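# Structure at a glance
This is what each chain is made of:
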Amino acid sequence: VSVDSYYDQLFNAYDAIVGSASNKSHSLHIDAASGVGGIHLAKLQSKFKAASLNITVVNDGSATEAATKLLNNQCGADYVQKAKQLPTGFAELLEGYNKKSRWASIDGDADRIVYFFPNGSTSITLIDGDKIAVLFTIFIKNALEALYDDKIEHIVRNSSKSEDHKKDDDED
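Here we summarise the structure given alongside this text. (Residues numbered from 1 in each chain as written. Predicted model: local features only at pLDDT ≥ 70, side-chain atom pairs only at ≥ 80, totals over all residues. Heavy atoms only, no water.)

## A look at the overall build of the protein chain
- Along its length, the protein chain carries six helices and five strands.
- Its helices and strands taken in sequence order, the protein chain reads α-β-α-β-α-α-β-β-β-α-α from the N to the C terminus.
- Within the protein chain, the proportion of its 172 residues that are buried is 28%.
- Counting contacts in the protein chain only where the partners sit at least 6 residues apart, residues at least 24 apart contribute 65% of the total.
- For the protein chain, the exposed area adds up to about 11500 Å²; of that, 53% sits on carbon and sulfur atoms. (Helix = DSSP H or I, 4+ residues; strand = E, 2+ residues; numbered from the N terminus. Buried < 20%, exposed > 50% of the residue type's maximum accessible area, 1.4 Å probe, protein only. Contact = heavy atoms within 4.5 Å. Areas by Shrake-Rupley, 256 points an atom, 1.4 Å probe, with all protein chains shown as cover.)

Printed below as a string of structure tokens:
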């Protein structure tokens, strides 16, 4: 599968899920940790703009940035999750702050993501993997209710942390 084919699949999936659900424009600000993910996100910007998703890539890993910014230095998913602060380069984006904007940070090789929203000039509220899973589940629940015109009463989340299993083993 070519990279362009992957871009097309990603865009088509987004458009199938979100594109038909909204005719409003959305903003997504992504910290790419000065890694390779930023280079690919930059290529996706125009494609997603056509679907009313305006992507701003900060710490994009471009050649012009490479001389001044180090990989994962005060940026990236790990930094944002641990420091609970805006990554480098995001403070400037707060001027036109819109509560409906989406904020995300990926790590250098783009295999990890966290979402967040700003609470001020540097602090954030983190939306990590567990919260992302719950939000995605709610999205699917709402889509199924709309599709089948029926109410779903419950969503169950089961913890799968190894410590939870260890507690169960200790009780035996």
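## Description of the sheet that holds strand E2 (residues 53-58)
- Here five strands make up an open sheet; going across it, the order is E2-E1-E3-E4-E5 and the pairing mixed. Edge positions in the sheet fall to E2 and strand E5 (124-127), since each of these pairs with one other strand and no more. Across the sheet, the axes of successive neighbouring strands diverge by a mean angle of 30 degrees, strand direction being ignored.
- The pairing of strand E1 (residues 26-31) with strand E3 (residues 102-106) spans four bridges and is parallel. Within the sheet, the bridge partner assigned to Asp31 lies in E3 and is Ser105. (Pairing = 2+ DSSP bridges. Axes fitted to C-alpha atoms, helices over the stretch in contact; angles between N-to-C directions.)

## A few points about the nonpolar core
- By size, the foremost hydrophobic cluster in this structure holds 15 residues, and its most contacted members are Leu28, Ile30, Leu41, Phe48, Leu53 and Ile55.
- Every element with two or more residues in this core is listed here: helix H1 (3-19), E1, helix H2 (36-49), E2 and E3.
- If we ignore the near neighbours within four places in the chain, the residues touching Leu41 are Ile30, Ala32, Val57 and Ile106.
- With eleven residues, the next largest nonpolar core counts Val58, Ala77, Leu94 and Leu126 among its residues. (Core = buried A, V, L, I, M, F, W, Y, C linked by side-chain atoms within 4.5 Å.)

## So, the pattern of salt bridges
- Considering all chains together, one arrives at four salt bridges under this definition.
- In this structure, the salt-bridge partner of Asp78 is Lys82, at a minimum N-O distance of 3.5 Å. Note that Asp78 and Lys82 are positioned in helix H4 (residues 77-83) at a spacing of four residues, about one turn of the helix.
- The exposure class of Lys82 is exposed, given its relative accessible area of 65%.
- Residues participating in the shared-partner salt-bridge network are Asp78, Lys82 and Arg112. (Salt bridge = Lys/Arg side-chain N within 4 Å of Asp/Glu carboxyl O.)

## A few points about the pairing of E3
- Counting buried positions along E3 yields four of five residues, so the element is predominantly enclosed.
- As judged from the four bridges shared by E3 and strand E4 (residues 113-118), these two strands associate in the antiparallel manner. Bridging across to E4, Ser105 finds its partner in Val114.

## Quick look at a nonpolar patch on the surface
- A cluster of nonpolar residues, Ile17, Phe136, Phe139, Ile140, Leu144, Leu147 and Tyr148, forms a patch on the protein surface that exposes about 710 Å² of accessible area.
- The element best represented in the nonpolar patch is helix H5 (residues 129-148), accounting for six residues.
- Within the secondary structure, Tyr148 is located in helix H5.
- On the basis of relative accessible area, Tyr148 is assigned to the exposed category, the value being 59%. (Patch = residues over 30% accessible without salt bridge, like charges linked within 9 Å, V, L, I, M, F, W, Y side chains within 5 Å.)

This is a description of form; function is not addressed.
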